[in-house]
There are 2 protein chains.
Amino acid sequence: MGNSPSADSSGSYRRQGPQFTDRIVAEPAGEGPSGEAQWPVEAGRYRLVVSLACPWAHRSLIVRRLMGLEDAISLAIVDPLQDDRSWRFSLDEDGVDPVLGQRHLEEAYLARDPEHGTDNGVSVPALVEEATGRLVTNDFPHITIDLGIEWAKYQRPGAPTLYPEELRAEIDAVNEGVFHDVNNGVYKAGFATRQSRYEEAYTALFARLDELDERLADQRYLVGDHITEADIRLFTTLVRFDAVYHGHFKCNRQKLAEFENLWPYARDLYQTPGFGDTVDFDHIKRHYYQVHTSINPTQIVPLGPEAAAWLEPHRRGDLGGSPFGPDGTPPAPLDRPLRPLPPLDM
Amino acid sequence: MGNSPSADSSGSYRRQGPQFTDRIVAEPAGEGPSGEAQWPVEAGRYRLVVSLACPWAHRSLIVRRLMGLEDAISLAIVDPLQDDRSWRFSLDEDGVDPVLGQRHLEEAYLARDPEHGTDNGVSVPALVEEATGRLVTNDFPHITIDLGIEWAKYQRPGAPTLYPEELRAEIDAVNEGVFHDVNNGVYKAGFATRQSRYEEAYTALFARLDELDERLADQRYLVGDHITEADIRLFTTLVRFDAVYHGHFKCNRQKLAEFENLWPYARDLYQTPGFGDTVDFDHIKRHYYQVHTSINPTQIVPLGPEAAAWLEPHRRGDLGGSPFGPDGTPPAPLDRPLRPLPPLDM
């Protein structure tokens, strides 16, 4: 997402939910169950805009890779540092996205709603209609579900089933706790301006991580025997944990690397095509440490921790299960970083 | 010490050295080798003023305990949070030190030199003459050496030799590297305002810690077979490492707890009477996180890491050596915290 952080008068951080909840579906019926507009699945029509720093956007990038939707849905990667008009395409030539012709993602929001600019919240991931430059949806929880289900027609052979019908209730239940206490919990800890609010978030976060660590003691993945939505949603927070949440957000009871099961579990996913190859610690660290001047005024970006540890053996295969299910295969490897950054100004 | 941190125009942090370098010695000759004034060793004449937060002051507290000088030299513990007149006695009744009758340590500095107030630097440890309230010395490197040597007359039976003549050259050499790269190195990293200055300090710090880790692979203590000044000076930085330097000062290549030898070495010392019983993580964390608003504007104090890990077995005894030497004994245990703080304002 990536709106500017702010705590309310009680010292708590509150996350603004997605505001454009249209869906892109295989068989549009004009209006969905909650009254949301429906758009048709169509190759070459939509552009996925992400920040490699953002854990909410990262989910959609992983699912696009796992599903092999690269040819169907194009990708734009924004600068990890927003300016006063929010996310921007300044890593592209002349600072303009070559498909959308926009400098700021805000333009896609304004094209959708002339009254909705940066002040109202401009977040990633965003799906934007290429031809019109209009935002279609920024509804991150549905974006990944829909890439997995509604886009079946364009998916690669061997694409996994990330949200299988018989496991949905269990996945939803895990996701609910992970969202409040972990995905969003680290933000509540990091942006708290009152000690008691910080301590509440910290306590809930580590209680949940302890529960997940226990759950993963004898099963390779969170739900069932294969990777699901639940693993993807937990992974994008875990991979940022030691790099930014532990120090910058003061989530420091222990490092991820000090958890008995969560750490090998996270490494297992990291070493799975589609996960580690979508992680860019440069984007992640520069975004958090340089954008949040309310908690890091010097904007110094820490050198540590060393990322090499992510490649250590994990032995999670001994627990059984397989990443992509009986008929699934891994996506083809990515052999270079998605969007390397220029050297940091020293 | 504890002057307000500031980086110079090159983005580097520079530490101000001690400014009052008088010595307290067994046989004063009026003037020492560098022209410094000499004061006589005398029980009941001087008061040691420390902050439990400050690693430089912590050294003198450990040595006073190891030498059994509690009855000879009284102790004052300042509030971990300075105000605009620097270190203060606000933990004492009515905010006044019961012996010196002062509210701020600055008064002792002003009594020594009417032109030397907070703006010129008021640091701990400080030895103050009780009868006059005048600062005698804030020369922390000499204070510990002198407590170990010059105060022999008042030391307890079984007090160790912390700076043995035959090892002084080696101790001095170790201390020199530890001072620049570790003791002061963490401050250079934490208070840097330019990325390159931070990276220089970080690189030198971890290179030195790697060297020390290697050195401690097959010897229990840094120099010789017993605890020396070198161990005390390294310990006061190591014990603060995971609690404050790792996150707050961005010294995050790894935690102390992730070093193969430094971590058991530090636990060994922590579990030795005179070391762990002089550590107060509340004082330490509140000082760093609440005073340095230039790097932690929210003043939230992290809950982690958990201190219980310091009590885990260390097995360093297998390497031979003994903490206090062949004729030495441990000081009597302290059974309660030196100066517990009231609960944090939530």
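All figures in this text were calculated on a predicted structure; none of them were measured in a lab.

Calculation criteria
Along each chain, residues carry numbers from 1 onward, in the same order as the chain's sequence is written. As they are written, the chains are lettered A onward and the ligands numbered 1 onward, keeping that order. Per-residue local features of the predicted model are confined to residues with pLDDT of at least 70, and side-chain atom pairs are confined, for both listing and counting, to 80 or more; whole-chain, interface and lining totals are unaffected and use all residues. In computing side-chain values, all of the structure's heavy atoms are included and hydrogens and water are not. By definition, any uninterrupted DSSP run of H or I lasting at least four residues is a helix, any uninterrupted run of E lasting at least two residues is a strand, and each is numbered from the N terminus. Working definition: with a 1.4 Å probe on protein chains only, accessible area under 20% of the residue-type maximum means buried, over 50% means exposed, and in between means partly exposed. Counted as a polar contact is a pair of N or O atoms within 3.5 Å, where, for protein atoms, one must be capable of donating a hydrogen and the other of accepting one, and residues adjacent in sequence contribute only when both atoms are in side chains. Grid points spaced at 1 Å and placed over the protein atoms alone form the basis of the search, with a cavity being a set where a 1.4 Å probe fits but cannot get out and a pocket an open set showing protein on both sides within 12 Å along at least five of seven lines. Lining residues have an atom within 4 Å of a point. Grid points are joined across faces, edges and corners, and a volume is the space filled by probe spheres set on the points. C-alpha atoms of residues with pLDDT of at least 70 in both copies form the basis for the least-squares superposition of the copies. The criterion used for residue contact is that any of the two residues' heavy atoms lie within 4.5 Å. Angles run from 0 to 180 degrees between N-to-C directions of axes, and those axes are lines fitted to C-alpha atoms, restricted for helices to the stretch in contact. The cut-offs work like this: below 35 degrees is roughly parallel, past 145 is roughly antiparallel, 65 to 115 is roughly perpendicular, and the gaps in between are oblique. Each helix crossing is assigned a hand: it is left-handed if the near helix lies turned anticlockwise from the far helix by less than a right angle, otherwise right-handed if that turn is clockwise. Put simply, Ala, Val, Leu, Ile, Met, Phe, Trp, Tyr, Cys and Pro go in the nonpolar bin, Asp, Glu, Lys and Arg in the charged bin, and everything else, Gly too, in the polar bin. Definition used in this section: a nonpolar core is a set of buried Ala, Val, Leu, Ile, Met, Phe, Trp, Tyr and Cys residues joined via side-chain atoms within 4.5 Å. Delimitation of the domains relies on an automatic or database domain assignment. Note: buried area is the sum, over both parts, of the accessible area (probe 1.4 Å) each one loses when the two are combined. Salt bridge, as applied in this entry: a Lys or Arg side-chain nitrogen positioned within 4 Å of an Asp or Glu carboxyl oxygen. By the convention used here, strands pair only if DSSP detects at least 2 bridges between them.

Remarks on the environment of B:Gln38
Residues and elements named next belong to chain B.
Logical step 1: In this structure, Gln38 sits in strand 2 (residues 38–40).
Logical step 2: Residue Gln38 is classed as buried on the basis of its relative accessible area of 19%.
Logical step 3: When the C-alpha atoms of Gln38 and His226 are compared, they prove to be 30 Å apart, with 188 residues separating the residues in sequence.
Logical step 4: There is a polar contact of 2.7 Å between the side chain of Gln38 and the backbone nitrogen of Ala29.

Overview of helix 9 (residues 281–291) of chain A
Residues and elements named next belong to chain A.
Logical step 1: Across the 11 residues that make up helix 9, a large majority, 9, are buried.
Logical step 2: For helix 9, every residue scored as buried is listed here: Phe281, His283, Ile284, Lys285, Arg286, His287, Tyr288, Tyr289 and Gln290.
Logical step 3: Structurally, the start of helix 9 carries an N-cap: the backbone nitrogen of Asp282 is 3.0 Å from a side-chain oxygen of Asp280.

Quick look at empty space enclosed by the protein
Logical step 1: Scanning the model with the defined rule gives 7 cavities of 30 Å³ or more in all.
Logical step 2: What the largest cavity holds in volume is close to 130 Å³.
Logical step 3: As for the largest cavity, its lining consists of A:Gly247, A:His248, A:Lys250, A:Tyr289, A:Ile295, A:Asn296, B:Gly247, B:His248, B:Lys250, B:Tyr289, B:Ile295 and B:Asn296.
Logical step 4: Approximately 80 Å³ is the volume attributed to the second largest cavity.
Logical step 5: A:Asp242, A:Gly247, A:Tyr289, B:His246 and B:Asn252 are the residues nearest the centre of the second largest cavity, which is lined by 14 residues in total.
Logical step 6: The element that contributes the greatest number of residues to the lining of the second largest cavity is helix 7 (residues 229–245) of chain A, accounting for 3 residues.

A few points about the relation of the copies chain B and chain A
Logical step 1: Between the two copies, chain B and chain A, the superposition gives an RMSD of 0.0 Å; the rotation angle is 180 degrees and the shift along the axis is 0.0 Å. The two molecules are tied by a two-fold rotation axis, judged by turn and shift. For chain B, the residue whose C-alpha comes nearest the rotation axis is B:Gly247, separated from it by 2.2 Å.
Logical step 2: A shared interface surface links the copies, since 100% of the contact residues of chain B are contact residues in chain A too.

Notes on the packing of helix 6 (residues 195–215) of chain A against helix 7 of chain A
Residue and element names in this part refer to chain A.
Logical step 1: Where helix 6 meets helix 7, the closest approach of the two axes is 14 Å, and the angle between their N-to-C directions is 110 degrees. With respect to their mutual orientation, helix 6 and helix 7 come out roughly perpendicular. Helix 7 is crossed by helix 6, and the crossing has left-handed handedness. Listed contacts from helix 7 to Leu205, Phe206, Leu209 and Leu212 of helix 6 are Leu234, Leu238 and Phe241.
Logical step 2: Along the lines of polarity and charge, the residues of the contact of helix 6 with helix 7 split into 7 nonpolar, no polar and no charged.

Some words on the nonpolar core
Residue and element names in this part refer to chain B.
Logical step 1: Formed by 99 residues in total, the largest nonpolar core has its most connected members in Val49, Leu105, Leu209 and Leu262.
Logical step 2: Here this core takes 10 residues from helix 7 (residues 229–245), the largest share from any one element.
Logical step 3: Each of domain 1 (23–154) and domain 2 (166–319) gives at least three residues to this core.
Logical step 4: Beyond its immediate sequence surroundings of up to four residues, Leu105 is in contact with Val49, Trp87, Phe89, Val122, Ser123, Val124, Ala126 and Val128.

Concerning the domain arrangement of chain A
Residues and elements named next belong to chain A.
Logical step 1: Per the domain assignment, the segments making up chain A are domain 1 (23–154) and domain 2 (166–319).
Logical step 2: Here domain 1 and domain 2 have C-alpha centroids that lie 24 Å from each other.
Logical step 3: Each side of the interface is counted separately: domain 1 has 24 residues, and domain 2 has 27 residues.
Logical step 4: Buried area between domain 1 and domain 2, both sides added, is near 2000 Å², and the carbon and sulfur share of it is 64%.
Logical step 5: Inspection of the domain 1/domain 2 interface yields 1 salt bridge.
Logical step 6: A salt bridge links Arg65 to Asp277; the shortest N-O distance between them is 2.4 Å.
Logical step 7: For the pair domain 1 and domain 2, the number of links is 11 residue pairs in polar contact (both at pLDDT 80 or more).
Logical step 8: When residues of the side of domain 1 that touches domain 2 are traced back to their parent elements, those giving at least two are helix 1 (55–67) and helix 3 (140–149).
Logical step 9: Split into classes, the residues belonging to the side of domain 1 that touches domain 2 amount to 19 nonpolar, 3 polar and 2 charged.

Focus on the sheet that holds strand 5 (residues 126–129) of chain A
Residue and element names in this part refer to chain A.
Logical step 1: One open sheet accounts for 4 strands, arranged 4-3-5-6; its pairing is mixed. Looking along the sheet, the strands with just one partner apiece sit at the ends: strand 4 (74–77) and strand 6 (134–137). The mean angle between the axes of side-by-side strands here comes to 35 degrees, regardless of whether they run parallel or antiparallel.
Logical step 2: For strand 5 and strand 6, the ladder comprises 3 bridges, and the chain directions are antiparallel. Note on strand 6: the bridge partner recorded for Glu129 is Arg134.

A few points about the pattern of salt bridges
Residue and element names in this part refer to chain B.
Logical step 1: Applying the stated criterion across every chain, the model contains 40 salt bridges over all chains.
Logical step 2: Note that Glu200 and Arg197 form a salt bridge whose closest N and O atoms lie 3.2 Å from each other. Of this pair, Glu200 and Arg197 both sit in helix 6 (residues 195–215), 3 residues apart, which is roughly one turn of that helix.
Logical step 3: Overall, Arg197 belongs to the partly exposed group, its relative accessible area being 22%.

What about the interface of chain B and chain A?
Logical step 1: The interface of chain B with chain A comprises 36 residues on the first partner and 36 residues on the second.
Logical step 2: Carbon and sulfur atoms supply 58% of the area buried between chain B and chain A, which totals about 3000 Å² over both sides.
Logical step 3: On inspection of chain B and its partner chain A, the count reaches 2 salt bridges.
Logical step 4: For A:Glu258, the salt bridge is made with B:Lys255, and the minimal N-O distance between the two is 2.8 Å.
Logical step 5: Here chain B and chain A share 14 residue pairs in polar contact (both at pLDDT 80 or more) between them.
Logical step 6: No other element matches the 6 residues that helix 6 of chain B contributes to the side of chain B that touches chain A.

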